[in-house]
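Coordinates in review
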8 protein chains.
Amino acid sequence: MSDNVRSLLEQVKNGQVDVDVALLKLKMKPIEDLGYANVDLHRQLRQGVPEVIYGAGKTSEQIVGIISSMQSNGQGHILITRLAPDVASEVQEQHSLTYIKDAHIGYVGDMPTKKTESSIAIVTGGTSDYKVAEECAITAEFYGNRVNRIYDVGVAGIHRLLQHLDIIMSAKVIVVIAGMEGALASVVGGLVDVPVIAVPTSVGYGTAFGGVTALLSMLNSCASGVTVVNIDNGFGAAYTANMINHIGESK
Amino acid sequence: MSDNVRSLLEQVKNGQVDVDVALLKLKMKPIEDLGYANVDLHRQLRQGVPEVIYGAGKTSEQIVGIISSMQSNGQGHILITRLAPDVASEVQEQHSLTYIKDAHIGYVGDMPTKKTESSIAIVTGGTSDYKVAEECAITAEFYGNRVNRIYDVGVAGIHRLLQHLDIIMSAKVIVVIAGMEGALASVVGGLVDVPVIAVPTSVGYGTAFGGVTALLSMLNSCASGVTVVNIDNGFGAAYTANMINHIGESK
Amino acid sequence: MSDNVRSLLEQVKNGQVDVDVALLKLKMKPIEDLGYANVDLHRQLRQGVPEVIYGAGKTSEQIVGIISSMQSNGQGHILITRLAPDVASEVQEQHSLTYIKDAHIGYVGDMPTKKTESSIAIVTGGTSDYKVAEECAITAEFYGNRVNRIYDVGVAGIHRLLQHLDIIMSAKVIVVIAGMEGALASVVGGLVDVPVIAVPTSVGYGTAFGGVTALLSMLNSCASGVTVVNIDNGFGAAYTANMINHIGESK
Amino acid sequence: MSDNVRSLLEQVKNGQVDVDVALLKLKMKPIEDLGYANVDLHRQLRQGVPEVIYGAGKTSEQIVGIISSMQSNGQGHILITRLAPDVASEVQEQHSLTYIKDAHIGYVGDMPTKKTESSIAIVTGGTSDYKVAEECAITAEFYGNRVNRIYDVGVAGIHRLLQHLDIIMSAKVIVVIAGMEGALASVVGGLVDVPVIAVPTSVGYGTAFGGVTALLSMLNSCASGVTVVNIDNGFGAAYTANMINHIGESK
Amino acid sequence: MSDNVRSLLEQVKNGQVDVDVALLKLKMKPIEDLGYANVDLHRQLRQGVPEVIYGAGKTSEQIVGIISSMQSNGQGHILITRLAPDVASEVQEQHSLTYIKDAHIGYVGDMPTKKTESSIAIVTGGTSDYKVAEECAITAEFYGNRVNRIYDVGVAGIHRLLQHLDIIMSAKVIVVIAGMEGALASVVGGLVDVPVIAVPTSVGYGTAFGGVTALLSMLNSCASGVTVVNIDNGFGAAYTANMINHIGESK
Amino acid sequence: MSDNVRSLLEQVKNGQVDVDVALLKLKMKPIEDLGYANVDLHRQLRQGVPEVIYGAGKTSEQIVGIISSMQSNGQGHILITRLAPDVASEVQEQHSLTYIKDAHIGYVGDMPTKKTESSIAIVTGGTSDYKVAEECAITAEFYGNRVNRIYDVGVAGIHRLLQHLDIIMSAKVIVVIAGMEGALASVVGGLVDVPVIAVPTSVGYGTAFGGVTALLSMLNSCASGVTVVNIDNGFGAAYTANMINHIGESK
Amino acid sequence: MSDNVRSLLEQVKNGQVDVDVALLKLKMKPIEDLGYANVDLHRQLRQGVPEVIYGAGKTSEQIVGIISSMQSNGQGHILITRLAPDVASEVQEQHSLTYIKDAHIGYVGDMPTKKTESSIAIVTGGTSDYKVAEECAITAEFYGNRVNRIYDVGVAGIHRLLQHLDIIMSAKVIVVIAGMEGALASVVGGLVDVPVIAVPTSVGYGTAFGGVTALLSMLNSCASGVTVVNIDNGFGAAYTANMINHIGESK
Amino acid sequence: MSDNVRSLLEQVKNGQVDVDVALLKLKMKPIEDLGYANVDLHRQLRQGVPEVIYGAGKTSEQIVGIISSMQSNGQGHILITRLAPDVASEVQEQHSLTYIKDAHIGYVGDMPTKKTESSIAIVTGGTSDYKVAEECAITAEFYGNRVNRIYDVGVAGIHRLLQHLDIIMSAKVIVVIAGMEGALASVVGGLVDVPVIAVPTSVGYGTAFGGVTALLSMLNSCASGVTVVNIDNGFGAAYTANMINHIGESK
C-alpha cells in the first residue's frame, strides 16, 4: 500500500496529479475485502478514530476475521458495539477482548491512559437507562475522554438534578439519556450553555412506543442547543461528544 | 314534561315502578328535538353543569335555535366553545352573548359572582399557548371557580416556573398547557401533590405534529398524578378541574 | 439529615433565609445515592404518598437495595409496580413482601386499616382488562381508599353497565378501564357528574394496535369530564384517583 | 350494441361459444370511451344500480359529457356524489339536475315513487355529522329505500339514543354515522340484531385525526355485527344498506 | 328469573309499566355474575344468536365456568373463538367441545342440520389466509348457513377467480379474505351485486404492516358495496354475513 | 471546458493519470455555479438524458437563469416538471417554452420526431389520475418514446381493463397509475410479462391518506414484477420506463 | 388440457371465436385445484418464468404437494422463497431440493447453464444485508442471469463504492439493497444511467422502524431512475431485474 | 433588581446563604413579566447568547413589547425567527429592525464585526432548502461566526459535493440541510471528522411527509458523528454550531 501512496505523492510533486485528486485517492484506497466485509483501514486517518465494528447481525467468525484484518494492518484499538454475550465469548476464544456485558460493548486493546482535561457529562433520567448510558460512557472513555456519570436524576424529582448542577455545568459537552417523555433534555438544555446531545431510550411502555415519544420530545425541545441521535444510540452520542470534547485540547 | 315526571313519581310511590327505573326515565326524558339537534335540557341536573354548545361546524342559525330552546326551558347560563368570530357576530344579533375572541368562546348570562374558596392554577409553557389557556380559564370561571393564570413559564427557563411555585402549589388542581415537547407537565407534576391535568397544544412545527408530540410526552410523564386530555382541549381540562375544585366546597 | 433541617429552620427564624428558599431546600435535600439509583426519601412529605418503585427493568438486587434504603430512613410502606414474578420471589428472600401475581404488583408493609369514607369506582369493559384493573385497585387500596370493582360491563351489552349505575354514581371518582374501542369511557362519562379517569388497555388485536385505538377513543370522548392516562397504566389512574378521593376527607 | 349481443347469443345457441364466455362478453362490452372516461353502460344490469359519477376532481364539462353519454344510452337515473356547488351550477346549465348543497350530491331524474317496505335507519352522533348523513340518506332514497333519520343521539347523552330505540330496532339495516370516538356504533351494535354499517366522520379535532380515531374505534367494536366503510363515505354505506334492504323485497 | 319476567309482563298488561320500559327491562336483566365475568344469558333473544366466548386471554377455568353457567341456563350451542390448543384441551376435560385447531375455534353442541337455502361465499386470496377463512366458515356454519369456500384465487392470477365466478355470484353475501394488498376485495366487489364483507389478514411482510395495508386497501375500494371488519376478524365477517344471509329465509 | 477535457485525456495517454481517475474527473467537472444553483451540464452524457428542472419552489427568475445557463452550454432540450401556471407564464416571457397546464409540465425545444419502435403503456385507474398520467406521458414522449395511453380502466369494472389487454400486453414496459386502493397494479402485474412501474396517486379521501394507501398496496402486490415510485411521481416512472424501453433499440 | 386448446384453436380458425377470447381462455384455464391451493400451471407461458412458491406460512405437506403437481405437469424448475430450514428439510425427504440456508431459498432442478450476456449488479450497504442480497442473487441466477455481487459498500465510506464503480456501471440493471437510511440507492442512482431497483432492508434499530425509513428514503430519492420494492423483498427485485436484463438478449 | 442581587451577595459573604443557593437565585430572578410574556433578561449570562424571540404566533404588538423590554434592560442584540413579512413591517414601524424576507428572520442591532477564526460550513442538498439554510446562516453570523455556504450539492450529482470537499473539510462544524431522502447527511458524515448537525427540511412531496423521511434518514445515518434537529430548524442547528465553533476561540 505504501508504494501506492509514495508514487501518488511523487505524481503530486511532479504536478502530474493535483492535490485534490491525491487526497481523494488517499481516502479511497485502503480497503481490505474479506468477502463478507470491506474493512476500512484508513478510517483512523480520515475521521480521527479507529473503525468501529457494529456487532449486531454479524457472526463471531466475521467479527474475528475483521479484528484480524485490522490488527494485521496495525490497528490495535478496536471497539465493538451491540455485541451479544454469546458472540463475545466466541470472539474471546480468538482475540483478547474486554467485554462489558451491561453495555453489550467490547474492545480490543487497552483503555487510553491519557484523558482530556475537559469532560463529558452523561446524565440519565432513570435506572433503566443504564445500558445505553454505559455504551455511551465506555465509548467516550475508549476515545480518551474524561467522563462524569450523573445517573437517575429525572425531572419527576427535579431537585435531584439541581443538586448535581455544578458538575453538569462544568462539562464541555453533555449527553442526556432518557426514555418515557424525555423531558430531561429540555430541562438540562435550558440550564446550561454547552452543546447537549440527547439520546432517547426505549424505556417505557404503551405510548412510549419504544423510544419514539422521547425522540419526538427531544426534537421539539423548547430549549436551544439540543441535538438528537437515534433511539438507544449511546455510541453515536459518544462519538459526537468525543469530537466536541477534543476541540482545543492539546494533542 | 312535568306531567310525565309527576306520573312517574306516582308510579314509584304506588310501587308500580321501582326507583331505578324511575331514575333512568328521569335521565332519559328531557330532550327537545329541533330537527337538527336533540337539545338536552336536564344536563344541569344530571351532570351538575349546563349544556355546553360545541360551536364548531354549526351554523349561526343552529346555535341561535339551540340557545332559544335552552332559554325557553329556563337555562340562563350557556357556554359556547370553538365559536368563530363571524358566527359569534351573527349570534349576537339574536341573543345577548359575551364573546372572547382570543379564546373563540362565548357565553350567555353573567359570570358567576360567587367563586370557590380553592383555586385552579392554569400554567402555560409559552405565549403561543394563550388561546387554549383562555378557553380553559374562562370555562373554569364560568363554572364559578377561582382561577390563577401563570403563563409563559416553560422549562427552557425553569427559574421562571420555580418563581411561581408558591401560587401553583396553593391550587387544589392544576392545568398545565404546553406545546412542543410538553415537558412542563412532568416538571410541574414532580413538584406538586395535587392532580395535574395536562393539555397538549398544537404549538410547534415539524415533528411537533400539531400537538401529538406534546400529547405523547404528557401521557408518558415520569411524574405521577398527571392525566391528559385531547390536543388544544382547554374546555375539557376546565370541565374536569371544575369537578375536582368543587369537591368539599360549601354549595 | 435532621441537623441540616434544624439549621435551615434556624436560618429562617433568624431571617437569614426566606421561607421560599427554605422550602426549596427542604424539597431538594433528602436523596440517598445508591450508585444505581438516587432514592428520594422526602417524597411522602412532598407529594403525600411514599416513593413507588417502578419494577420494570430493575434487578432484584437493585430493588432489594432501594427497599433497604427506604426502610432505614423510616419508610415502612412501599409499593412496587410491574414486578415480574421471578424478581418478586428473589426480593421476598430479603424482605417481607406481599405480592399479587395477577397484577404484577407488590408491597412492603400492611394494607392501611383506615379507609376513606368516599369511594373510587373501578369499571372495566371485559374480563381481559383484569390485570390492569387490579394494579389500579390494589394501588388505590394501598393508599387508603375504599374501592368498588365493577368488572366486565362493556358497551356491547350496555344493560350490564346500567344495572350497576347506582354504585358507579355513588363514587367520588371513577376509573374506567377498557381495551378494543374503549367506548365505555364515553358512556360512563355521559352518565355521571364526577371525574372519570380513563385507562386504555392493550386488549384486542389487529387495529386495536396494542391499546392505541382505545387511547385515541378516550381522548376524543364526546362526554366531558374524561381525562386519560397511558395504555395499561392502572397505577397512574389510581394515583390521581387517590388524590381526588382524599379531597375533603378528614385526615 | 344490440347487434353484438344478438350475434353472441346466436353463437351460444349454435354451441359455438359456451355460456360462461358469453356471460363474460356481456359483462365486458358496453363501454363508451369518451377519451377522458370509459363510461360503463351495463352497470345497472351487472350490479343492479345505475352508474354513479364520483364528482370530485372532475370538470363540469366531463360530468356533462358523461351524463349525455348515459342518457343517450337510455339511463335516465344518475347520481353524482361529492359535487361541488359551483360545478353543480355549471352542470345545471346543460342538464336537469337536482342538487342538495348540504350533502354535495345531485341526481338526474326523479326520486323513485315506490319505496321498500322495510327501512334503513340512519343514526348520527351529532349535528356535525349532518352532511355525511344526508349523502347517505339521499343515496338510499334515490335507490328506492324507505329511510328513517335519527340524528344527534351520541353516547354522551345515551338516553337520547335509548328514546329512539324502537324506530332503530325496526329497521332491516342500520347505518351509524359518528365522528370523535365513534362509540355510537358499538352501543347501537350491542342493542340490535340487524347489520350495522358504521361510517366514521372527520368531525373532531386534535387526535380525532380527521376521522381515523372513529374509524379505528368502529373496527374494534366489542359489539358483533358492525362493518365499516371509509371516513365520510355516506354513499358507500347507503350502497351496501340498499343491497341488504332490498333482500326479500318484492321487485 | 322467570318470576321477574312474569311480573313484568303482568305490569305491562295492567298498564302499570309501558311497553318500552318492559322491553328495556327484558334486555337488561338476565345476567349471571361469576365474579370474573358477567354472563349475558339473553343474548340469543336480543341478538338472535347465542353468546360467543372470546377465548383470547381467558383461562381454561374461566371458560369452563362460563360454559357451565350458560348450559345451566339452557344454552346448548356455544361458540368459542381464538381458543388456543392447550386451553382447548383443558376445556375438553370438563365439557364436550369440538375443536378445530386450524381455525382456533371450538363449539359446544352439534352443528345445525338445517341450513339456509341461500349461501355465503368465502373467497380468499391465498393459502395463507386459510386460518381466518376457516374461523369465518365454521362460525357461519355453526349459525346454520350454507357456505361455499373458494380459496386461493388472488388477483395475481385473476383467471383463477374468473373461473369460479358463477359460484361466487350465486351467493347472497360474499366474504372476501385477503392479506398483502387486499386487491381481491375490489375485484370481487366490481363483479357482483351482493354485499361484500372484506376481511384483511395479517399475511405478508414488511409494509404489509400486519394487515394494515390490506385494511386500508379495502376501505378505499373503488368498487361499491364493500364493507370492512378488523384485521383477521373472520368471526365478525361471519356474524354479519349470517345476519344478511338469513334475511327472507323461512324460519 | 473542452481544454480541461483535452488536457485530461492527454494525461491519460501519457500514463500520468489512470483511466478511473479520468472518468471520475469527467463526471465531476462540468458544473456552472449560478449562486442559487449548481447547474449540472454533463448529465446528458452521464445519464443519457438532459438535466430536468424540478420547478416546485423555484422562482421564475431562477428557472429562467438555469435555462439560459443550459442553453449557453449547448443543451437545447430541457424539461421542467411541477411548474405552476403563473411561473410558467413568467418563464415564457424570457424563453420559448411549451407548457401543458394539465400536467404542470413544460419543455424547451421540440418534441423528438424519432420515436422508439417499442412502446410504453400508461394505464390509469380513473379520470382523476389524469394529471399524473400526463406528466408521465409527456416526459416519456419528450425522451423519444412511443406511448400508449389507456386511461380510466380501474378494477371496479375489470372488463374495461380486459378489453384493452392486447395493447397493454404489446408494450415493452407498463406504467400503472392509480389512487384509492391501487389494486390496478396487481391486476395488471398478474396478466403481463414485462416490468410494471406503479405510481400511486393522491386521488381519494379519508383513509386514502393522500396516496399512502395506494402506495402500500402497490408495494405489497401479490403479483411479481411490480416496482413502485413516490406518490404522484409520474416523471419518475417515465424516467425509468424510458431507460427500459430504449434497451435494444437502435440508437 | 391439450384437447381443449386444440378445439379452441380450431374454433378460432373457423372464425367461431375471435382471437381475444381465445387468448383469454388460454390464460385462464390451466389450474390444478389441490384443495389447499390452485396451482397455476401456465404461468411460464403467461409470464415467462415458472411459478414461484411463496414458502412462508405453508406446511411442508402443502409444498411437497405443489411441487408434485408442477412436476407431473412438466415443470422441472421451481423456486421456493422464504422457506424455513426445518420445512426445507422435510421437503427434501420427498423431493430433490437445493436449499441455501442463508437466503432461506430453495429450488428444484438445476441452475441454468446458459446465462445472459449482460449482467445484473447487486449492491449492498452492509454485511447485514447479506440475506436479502442472496435471495435476490440466487433468484436472478435461477432465471438465467449473470450476476455481479458488490457487497458492503455503504455511503459511510463512499470510497468503497467509488472503487467498484466500473463493474456497477457495466450492468444492464442494478439492484441496490440497504437498510438504515438507505442512502446508497440515491448515490448509486445519481452515478449510473440504467434502471436502479432499490430494496430497503429491515437492518437497523430504533427509528429504522424495521425498514420503513430505508423505504421512505428510497421512494424520495433525489436521483431519477430509482424504483422501489417492499422491505426485504430480494425476490421481487430479482424478478423485475430479470425481465429488464433479458430485453434484447438472444433467446 | 440590583438591590436583590447585592443583598444576596452580602448574605453569601456573611455566610448566611451558601454559594449554590446564591447561584440558583441569580439564575432565577431576572424576569420581567409583561403579562403576555415572561421576558428572560439574564439569558445572555446564563447561556452565552441573547434571548431569541420565536416570532411564530406572536402579534406585532407583543414582539414590539418584548423588544422594548429587552432594550430597556440593556440588550441591544436581539434575534427574531419565524417572523412573517407583514408582522416584520409592523415591528419596523416601532423599532430599527433588519429583516431578511427569504429566511423569515430579523434582528435588532448590528451584525458583529468580529468573527471567529474557525468556520461553520452550511451545506444544502438543493435550491429549495435555501430558506432554512439562510435562517441557519444568518443566525450563525449574528452570533459572530464565520460561515461558508455550499448550496445545491445533493447526492444525485455527487461530483458537485466532492468538488467542494476542501472547504467543507476545513470547517470546525458542519450543518447539512436537506429534504427528500436526506442522504446528504450520511455522505458528508462519512467524509469528514468534525461534528455534523443535520437539518431535515420539508422539501419534497408525497412520502417526503413534510420532512419526516429526511429526519428518519438522518437519525439512521450509517455515518457516525451526525446529530439531528427538528424539521426546518435552521436556527437550532446554528445555535449548537455556534457553541461548538466558539470552543477554543480567543474571547
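From a predicted model like this one, the values you see are computed outputs, not experimental measurements.

**Some points on the domain arrangement of chain A**
It is common to report an interface's size as the accessible area lost on association of the parts. Residue and element names in this part refer to chain A. Partitioning chain A into structural domains gives domain 1 (16–108) and domain 2 (119–246). On the side of domain 2, 14 residues touch domain 1, which itself brings 16 residues to the contact. Surface buried jointly by domain 1 and domain 2 totals about 1200 Å² across both partners, of which 70% is contributed by carbon and sulfur atoms. Sorting the residues of the side of domain 1 that touches domain 2 by element identifies helix 3 (43–47), strand 4 (78–81) and strand 6 (105–108) as the ones contributing at least two each. Residues belonging to the side of domain 1 that touches domain 2 are distributed by class as follows: ten nonpolar, three polar and three charged.

**Structural notes on the pairing of strand 7 (residues 119–124) of chain H**
Residue and element names in this part refer to chain H. Summarising burial for strand 7: six of the six residues are buried, a large majority. Here strand 7 shows a buried face lined by Ser119, Ala121 and Val123 and a second buried face lined by Ile120, Ile122 and Thr124. Bridge count for strand 7 against strand 8 (residues 146–150) is five bridges, and the pairing is parallel. Each residue of the ladder has a partner; that of Val123, found in strand 8, is Ile150. Handedness of the strand 7-helix 6 (residues 130–142)-strand 8 crossover: right-handed. Pairing geometry for strand 7 and strand 9 (residues 173–178), over five bridges, is parallel. Across the sheet, residue Thr124 finds its bridge partner in strand 9, namely Ile177.

**Considering the sheet that holds strand 3 (residues 52–54) of chain H**
All names here are of chain H. Read across the open sheet, the four strands follow the order 3-4-6-5; overall the sheet is mixed. Because the sheet does not close on itself, it has two edges, and the strands there are strand 3 and strand 5 (98–100). Sheet twist, expressed as the mean angle between neighbouring strand axes with direction ignored, is 15°. The sheet contact formed by strand 5 and strand 6 (residues 105–108) spans three bridges and is antiparallel. Bridge assignment links Thr98 to a residue of strand 6, and that residue is Tyr107. Here helix 4 (residues 60–72) sits on the sheet and contacts strand 3, strand 4 (78–81) and strand 6; the angle it forms with strand 4, its principal contact strand, is near 160°. Lying over the sheet, helix 6 contacts strand 4, strand 5 and strand 6, oriented at roughly 15° with respect to strand 6.

**Topic: the side chain of Thr116(B)**
Residue and element names in this part refer to chain B. Tracing the backbone shows Thr116 in the loop between strand 6 (105–108) and strand 7 (119–124). Taking relative accessible area as the criterion, Thr116 reaches 3% and is therefore assigned buried. Separated by 2.6 Å, the side chain of Thr116 and the backbone oxygen of Ser118 make a polar contact. A polar side-chain atom of Thr116 sits 3.0 Å from the main-chain amide nitrogen of Arg146.

**Describing helix 5 (residues 85–92) of chain F**
Residue and element names in this part refer to chain F. What helix 5 keeps buried is the set Val87, Ala88 and Val91. All buried residues of helix 5 fall inside an arc of 100° around its axis, so they share one side. Structurally, helix 5 contributes buried residues whose contacts are with helix 4 (60–71) and strand 5 (98–100).

**As for the pairing of strand 9 (residues 173–178) of chain A**
Residue and element names in this part refer to chain A. Among the six residues of strand 9, six are classified as buried, and the element is accordingly described as predominantly covered. Residue alternation in strand 9 divides its side chains into two sets, Val173, Val175 and Ile177 and Ile174, Val176 and Ala178, and both sets are buried. Direction of pairing for strand 9 relative to strand 10 (residues 196–200): parallel, over a ladder of five bridges. Bridge assignment links Ala178 to a residue of strand 10, and that residue is Pro200. Running through helix 9 (residues 184–191), the crossover from strand 9 to the neighbouring parallel element strand 10 is right-handed.

**A few points about the packing of helix 6 (residues 130–142) of chain G against helix 11 (residues 234–246) of chain G**
Residues and elements named next belong to chain G. Helix 11 packs onto helix 6 with a crossing angle of 35° between their chain directions and a minimal axis gap of 7 Å. Considering how the two elements wind past one another, helix 6 and helix 11 form a crossing that is right-handed. Mapping the contact onto sequence places Val132, Glu135, Cys136, Thr139 and Ala140 in helix 6 and Gly234, Phe235, Ala237 and Ala238 in helix 11. Split by residue class, the contact of helix 6 with helix 11 holds six nonpolar, two polar and one charged.

**Details of the packing of aromatic side chains**
Per the counting criterion, the structure on display carries 48 aromatic pairs over all chains. Ring centres of Tyr54(D) and Tyr205(F) lie 6.4 Å apart, and the angle between their planes is 25°; on these two criteria the pair is classed as stacked. Here Tyr54(D) is found in strand 3 (residues 52–54), whereas its partner Tyr205(F) is found in the loop between strand 10 (196–200) and helix 10 (212–219) on a different chain. On the numbers, 6.3 Å between centres and 45° between planes, the contact of Phe142(G) with Tyr143(G) is tilted. When its relative accessible area of 9% is taken as the criterion, Tyr143(G) is described as buried. The positively charged end of Arg82(A) is found above the aromatic ring belonging to Tyr205(G), 3.6 Å away from the centroid.

What counts and what doesn't
Residues numbered from 1 in each chain as written. Chains lettered and ligands numbered in written order. Predicted model: local features only at pLDDT ≥ 70, side-chain atom pairs only at ≥ 80, totals over all residues. Heavy atoms only, no water. Domains from an automatic or database assignment. Contact = heavy atoms within 4.5 Å. Buried area = accessible area lost by both parts, 1.4 Å probe. Helix = DSSP H or I, 4+ residues; strand = E, 2+ residues; numbered from the N terminus. Nonpolar A, V, L, I, M, F, W, Y, C, P; charged D, E, K, R; others polar. Buried < 20%, exposed > 50% of the residue type's maximum accessible area, 1.4 Å probe, protein only. Pairing = 2+ DSSP bridges. Right-handed = clockwise from strand over helix to strand, strands pointing away. Axes fitted to C-alpha atoms, helices over the stretch in contact; angles between N-to-C directions. Polar contact = N/O pair within 3.5 Å; in protein donor to acceptor, adjacent residues only side chain to side chain. Arc of directions from axis to C-beta. Left-handed = near helix turned anticlockwise from the far one by under 90°. Phe/Tyr/Trp six-rings, centres within 6.5 Å; stacked < 30°, edge-to-face > 60°. Lys NZ or Arg CZ within 6 Å of the ring centre and 35° of its normal.

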